[in-house]
Amino acid sequence: MTRANYAADPAATRGREFQSHPGALPGSGRAEVRGPRSEFQRDRDRIIHSMGFRRLKSKTQVFIAPDGDHYRTRLTHSLEVAQIGRVLARAMGLDEDLTEALCLAHDLGHPPFGHAGEEALSEAMQRHGGFCHNAQSLRTLMRLESPYPDHDGLNLTWDLLEGLAKHNGPIVAPNWALAKLDADFPLDLGAWPSLEAQIAAVADDIAYDNHDIDDGLRAGFLELDDLLQLDFLADQWRTVEKRFPNAPRERQLRELVRDQIGLMVNDVLEHTRANVAGIETVDDVRAANKQLAGFSPGFAAQERSLKAFMYDKLYYHPEQVAAAGNARDVVARLFAAYSQDARLMPAEWQDRLPSHDPQRARAIADFIAGMSDRFAIRACAEIYGEVPQGLSNV
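Structure report, in brief. Remember, it's a predicted structure, so these values are computed and weren't measured experimentally.

In this fold, Phe 221 is placed in the loop between helix H9 (195–219) and helix H10 (224–227). The exposure class of Phe 221 is buried, given its relative accessible area of 10%. For the pair Phe 221 and Thr 272, spaced 51 residues apart in the sequence, the C-alpha separation amounts to 34 Å.

Here you go:
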């Protein structure tokens, strides 16, 4: 599809924080670009090759440290978000590579055990500026993940970092981590981001709204009869039964999830196309001072009711609440142990650990936030001499 005028242009990026030089072939005496890639393709590839991205394979999406390998993790969720994001971006004539990069990176700052781990780190860091997984994503990409010899971070484009920082909208009061990064490399936090960033945000909603249903049904935490209390899902279910009357129930349920994703994608496209009428450039997108990409008002109401249902039936399920409490305890115990004795941390972290708070506490939070679920469980067992129990409920 032809690139829309309002799409982000990799040839017109606002640049990178550090001057970047293409790699030189040994003995050639000249610089060579590492492959025929756009600036946004380079961003995407740097994210995919990062250690933080690899660690997402063992970080919680819904279920904590599941025994089964059929449940989604942060990695598989991010890949699914990227797939939906690319479909939306292509249909809208947006830059698919920037959209994909934003989708792949959006959860890099999540600590082990998902939101339970984030709550524990937020509490532990209360006197030191707090903890926010979105800001931690930026901190990971801009400072912690540092494979290059001449600068910290992955040195991604301004457009990627700006979109990641505010994919859910402008930020009026950034926390300490985002505020410091913004001071070093201003990201125009008070304005709306590109359509690519807005599309990445709604792709995230579409993915977890529907795939969490899939996992919840598989685990037995959700029941079809409960889902059918939502009129719009009941309508879709009747359509699925009519189309596939003899199919096994499990296949019918998966068809329901696919149909719902399709309905959401089509609604977003129709509503967003109406909103961008008269929008000519990416600067116009930011100057609109409102969200342009998203659900129509009617569908947004349905989506909110679905989220409320999921919190009631899945996310706050008694077994989930119990596992989350145990997970918070693991993170809290790790933070306390490292704060009291830094020798428990790996040598490379000990060597660069600041001597005073809040910098010291923030570095400890960086270390814990990068852990996978399994690594955190193992570290806690090694320190306290017992394997934490009650963490996996599926």
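Further remarks concern the nonpolar core. Ranked by internal contacts, the top residues of the largest apolar core, which has 118 residues, are Ile 47 and Leu 88. Per-element tally for this core: the top contributor is H9, with 10 residues. Once residues lying within four places of it in the same chain are set aside, the contact partners of Ile 47 are Phe 53, Ala 101, Leu 104, Ala 105, Leu 108, Leu 141, Leu 154, Leu 156 and Leu 160.

Here Asn 275 is to be found in helix H12 (residues 249–275). Along the backbone, Asn 275 and Gly 325 are 50 residues apart, and their C-alpha atoms lie at a distance of 43 Å. When residues no more than four places from it in sequence are discounted, the contact partners of Asn 275 are Gln 291 and Leu 292.

Next up on the list: unusual backbone geometry. With an omega dihedral of 5°, the bond running from Asp 357 to Pro 358 counts as a cis peptide bond. Looking at where Pro 358 falls in the secondary structure, it is placed in the loop between helix H16 (347–351) and helix H17 (359–369). Positive phi values are uncommon outside glycine, yet Asn 155 reaches one of about 55°. Note on placement: Asn 155 falls in the loop between helix H6 (133–144) and helix H7 (158–165). What makes Asn 155 buried here is its relative accessible area of 4%.

With that settled, the discussion passes to the pattern of salt bridges. All told, the structure shown has 32 salt bridges when counted by the stated rule. A salt bridge links Arg 143 to Glu 17, with the shortest nitrogen-to-oxygen separation between them at 2.8 Å. You can see Arg 143 sitting in helix H6 and its partner Glu 17 sitting in the segment before helix H1 (39–48), a full 126 residues away along the chain. Counted as one network, the salt bridges with shared partners bring together Arg 37, Arg 44, Asp 45, Arg 86, Arg 90, Glu 96, Asp 97 and Glu 100.

On the surface, Arg 54, Arg 55, Lys 57 and Arg 374 cluster together into a positively charged patch. Position of Arg 54 among the secondary structure elements: in helix H2 (residues 51–55).

Together, Tyr 311, Tyr 316 and Val 321 line one region of the surface with nonpolar side chains, adding up to about 320 Å² of accessible area. Considering the arrangement of structural elements, one finds Tyr 311 in helix H14 (residues 297–315).

For the rest of this paragraph, the subject is the packing of helix H15 (residues 318–340) against H17. Close contact between H15 and H17 brings their axes to 10 Å; oriented N to C, the two are set at 135°. Judged by the angle between their axes, H15 and H17 are oblique. Viewed along their axes, H15 and H17 form a crossing whose handedness is right-handed. Where H15 abuts H17, its residues Val 331, Leu 334, Phe 335, Tyr 338 and Ser 339 lie against Arg 360, Ala 361, Ile 364, Ala 365, Phe 367 and Ile 368. Counted by class, the contact of H15 with H17 contains nine nonpolar, one polar and one charged residues.

At a closest axis distance of 9 Å, the pairing of helix H4 (residues 96–105) and H9 adopts a crossing angle of 45°. Between H4 and H9, the interaxial angle falls into the category oblique. Handedness of the H4/H9 crossing: right-handed. From H4, Leu 98, Thr 99, Leu 102 and Cys 103 reach across to H9, where they touch Glu 196, Ala 197, Ile 199, Ala 200 and Ala 203. Counted by class, the contact of H4 with H9 contains seven nonpolar, one polar and one charged residues.

What counts and what doesn't
- Every residue gets a number counted from 1 within its own chain, in the order that chain's sequence is written.
- With the structure being a predicted model, the display of local features is reserved for residues of pLDDT at least 70 and the display and counting of side-chain atom pairs for 80 or more, all residues being used for whole-chain, interface and lining totals.
- Each side-chain value is derived from all of the structure's non-hydrogen atoms; neither hydrogens nor water enter the calculation.
- A run of H or I in DSSP becomes a helix once it reaches four residues, and a run of E becomes a strand once it reaches two; helices and strands are each numbered from the N terminus.
- The rule is simple: take the accessible area with a 1.4 Å probe, protein chains only, and divide by the maximum for that residue type; under 20% is buried, over 50% is exposed, in between is partly exposed.
- What makes a nonpolar core is a set of buried Ala, Val, Leu, Ile, Met, Phe, Trp, Tyr and Cys residues whose side-chain atoms join them at distances within 4.5 Å.
- Residue contacts follow a heavy-atom distance rule, with two residues in contact if any of their heavy atoms lie within 4.5 Å.
- By convention in these notes, a salt bridge is any Lys or Arg side-chain nitrogen within 4 Å of a carboxyl oxygen on Asp or Glu.
- Exposure above 30% relative accessible area and the lack of any salt bridge qualify a residue for a patch; like charges then connect within 9 Å, and the nonpolar side chains Val, Leu, Ile, Met, Phe, Trp and Tyr within 5 Å.
- Exposure was quantified through the Shrake-Rupley algorithm and a 1.4 Å probe, taking into account, for residues, occlusion by the shown protein chains and nothing else.
- Positive charges are assigned to Lys and Arg, negative charges to Asp and Glu, while His and the chain termini are left out of the count.
- In this description, the location of a charge corresponds to atom NZ of lysine, CZ of arginine, CG of aspartate or CD of glutamate.
- Orientation is described by axes fitted as lines to C-alpha atoms, over the contacting stretch for helices, and by angles from 0 to 180 degrees between their N-to-C directions.
- For this classification, under 35 degrees means roughly parallel, over 145 means roughly antiparallel, 65 to 115 means roughly perpendicular, and everything else is oblique.
- Helix crossings fall into two classes, left-handed where the near helix is turned counterclockwise from the far one by less than a right angle and right-handed where it is turned clockwise.
- Classification used: nonpolar for Ala, Val, Leu, Ile, Met, Phe, Trp, Tyr, Cys and Pro, charged for Asp, Glu, Lys and Arg, polar for all others including Gly.

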